[in-house]
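Residues per chain, in single letters:
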Amino acid sequence: MDCRHIKFSIDKAKVDLIQLQALFNEVAFWARERTLEDLKIALMNSDPIVTVWDTTRMIGFCRGTSDGIYRGTIWDVLVGTKYQGLGLGRKLVETALSHPSMCRVERVYLMTTYQRKFYERIGFQENKSTTMVLQQNTYEINSLPLSGESFEPILKESEQVFR
Ligand SMILES: CC(C)(COP(=O)(O)OP(=O)(O)OC[C@H]1O[C@@H](n2cnc3c(N)ncnc32)[C@H](O)[C@@H]1OP(=O)(O)O)[C@@H](O)C(=O)NCCC(=O)NCCS
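Residues numbered from 1 in each chain as written. Predicted model: local features only at pLDDT ≥ 70, side-chain atom pairs only at ≥ 80, totals over all residues.

(A) Representation of the nonpolar core in the model. Membership of the largest hydrophobic core comes to 18 residues, with the highest contact counts inside it found for Phe61, Cys62, Val77, Leu78, Leu92, Val93 and Ala96. Taken together, the elements giving at least two residues each to this core come down to α1 (17-27), β2 (49-54), β3 (57-66), β4 (71-79) and α3 (88-97). (Core = buried A, V, L, I, M, F, W, Y, C linked by C-beta atoms within 7 Å. Buried ≥ 20, exposed ≤ 12 C-beta atoms within 10 Å, placed from the backbone. Helix = DSSP H or I, 4+ residues; strand = E, 2+ residues; numbered from the N terminus.)

Given below as structure tokens:
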């Protein structure tokens, strides 16, 4: 395939949510139920966001989150079925890794079920020792401390006697 007309973008504003949802539905088994509203929230809170374009068609996507210096994570690397195997996935990840919000980060993480080999080609290594997951966050916003609220530790019975 002649790829000379294919372009990469790091412009968040350019992302087309409808096309993004279609791309998720096409190639991302872990994300087929994502709504436009939720995708919008994920994009707002992600940086960098990299997209690939065949003229007006969005054919690739990936996003990252980062603290800019210590830790970053790459999420949702997607290339449309017709465009896979051309080097676009590698270029998506490399573009995200060289973005200013990611390029100084000490350690970049990612989660993958079936694409270890792809990420190994880019330099990622198996990491079994440090990762844990909270499957569904049930903490609620009203459990956040109020501004200036003092912390009242839960005292053990014996400590209460001598208080
Ligand atoms: C995984 C995915 C992003 C790869 O994108 P791609 O454009 O097809 O990959 P590339 O052409 O850039 O491949 C880069 C390198 O990885 C290798 N590679 C790609 N997919 C591979 C696979 N499944 N197994 C082994 N090697 C693979 C390529 O051979 C290439 O190696 P090279 O650079 O030494 O020639 C794409 O297949 C995809 O979108 N899949 C569905 C969504 C998905 O699973 N995303 C990952 C979520 S964790």
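Still more to cover.
(B) Representation of the site of the ligand within the structure. In the vicinity of the ligand, 17 residues are found, and the nearest of them are Gln84, Gly89, Arg90, Thr112 and Lys117. At the level of secondary structure, the elements contributing two or more residues to the shell around the ligand comprise β4, α3 and α4 (116-122). Looking at the shell around the ligand residue by residue, the class counts come to eight nonpolar, six polar and three charged. (Near = placed C-beta within 6 Å. Nonpolar A, V, L, I, M, F, W, Y, C, P; charged D, E, K, R; others polar.)

(C) Looking closely at the sheet that holds β3. Here five strands make up an open sheet; going across it, the order is β1-β2-β3-β4-β5 and the pairing mixed. Each of the sheet's edge strands pairs with one partner strand only, and the pair in question is β1 (6-9) and β5 (107-110). Within the sheet, the average angular offset between the axes of one strand and its neighbour, ignoring direction, is 20 degrees. Bridge count for β1 against β2 is four bridges, and the pairing is antiparallel. Its bridge partner being in β2, Phe8 is matched across the sheet by Val52. (Pairing = 2+ DSSP bridges. Axes fitted to C-alpha atoms, helices over the stretch in contact; angles between N-to-C directions.)

(D) Molecular detail of the environment of Tyr70. Of note, Tyr70 is situated in the loop between β3 and β4. Between the C-alpha atoms of Tyr70 and Asp2, which are 68 residues apart in sequence, the distance is 39 Å. If we ignore the near neighbours within four places in the chain, the residues touching Tyr70 are Val105 and Glu106. (Contact = placed C-beta atoms within 7 Å.)

(E) Structural detail: the packing of α1 against helix α2 (residues 36-44). Axis separation between α1 and α2 bottoms out at 10 Å; the angle between their running directions is 100 degrees. Taken together, the axes of α1 and α2 are roughly perpendicular relative to one another. Here α1 contributes Leu17, Leu20 and Gln21 to the contact with α2, which in turn contributes Leu36, Leu39 and Lys40. Along the lines of polarity and charge, the residues of the contact of α1 with α2 split into four nonpolar, one polar and one charged. (Parallel < 35°, antiparallel > 145°, perpendicular 65-115°, else oblique.)

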